[in-house]
Amino acid sequence: MDAETIRNLIEAGLPGARADVQGEDGVHFEAMVVCEAFAGKLPLARHRMVYATLGDLMGGAIHALALKTVTPGEAG
């Protein structure tokens, strides 16, 4: 697994989202996801939205994913 593939999956699964994904070891990743659809949602709900774009890869090919999820307004 690589960061670019994860970025593509997140952006495809959350229309209008921008994702910046980092991870050098192929199993542990960090992502900053900016998406208008996060507006009005608590952090847990936002994370679930991102996890849904990755499906069965979570806990498999992606061992860990640290998330920061913000709306465009929160991104500054």
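Being a predicted model, the structure only gives us computed values, none of them experimental. (Residues numbered from 1 in each chain as written. Predicted model: local features only at pLDDT ≥ 70, side-chain atom pairs only at ≥ 80, totals over all residues. Heavy atoms only, no water.)

## What to know about the packing of helix H1 (residues 3-13) against helix H2 (residues 43-54)
- The geometry of H1 relative to H2 is characterised by a closest axis approach of 8 Å and an angle of 115° between their N-to-C directions. As the angle between them shows, H1 and H2 are arranged roughly perpendicular. Handedness of the H1/H2 crossing: right-handed. Here Ile6, Leu9, Ile10 and Gly13 of H1 lie close against H2, whose contacting residues are Val50, Thr53 and Leu54.
- When its residues are assigned to classes, the contact of H1 with H2 shows 5 nonpolar, 2 polar and no charged. (Axes fitted to C-alpha atoms, helices over the stretch in contact; angles between N-to-C directions. Helix = DSSP H or I, 4+ residues; strand = E, 2+ residues; numbered from the N terminus. Parallel < 35°, antiparallel > 145°, perpendicular 65-115°, else oblique. Left-handed = near helix turned anticlockwise from the far one by under 90°. Contact = heavy atoms within 4.5 Å. Nonpolar A, V, L, I, M, F, W, Y, C, P; charged D, E, K, R; others polar.)

## Remarks on H2
- If you check H2, its first and last C-alpha atoms are 17 Å apart, about what 12 residues at 1.5 Å a residue would give, namely 16 Å.
- Residues Arg46, Val50, Thr53 and Leu54 constitute the buried set of H2. Take H2 and look down its axis: the buried residues cluster within an arc of 105°, on one side only. Looking at H2, the residues exposed on the side facing more than 90 degrees away from the buried face are Leu44, Arg48 and Ala52.
- Of the surrounding secondary structure, the elements contacted by the buried residues of H2 are H1, strand S2 (28-34), strand S3 (64-70) and helix H3 (72-75).
- Downstream of H2 by one or two residues, Gly55 has phi in the positive range, about 50°. (Expected span 1.5 Å × (residues − 1). Buried < 20%, exposed > 50% of the residue type's maximum accessible area, 1.4 Å probe, protein only. Arc of directions from axis to C-beta.)

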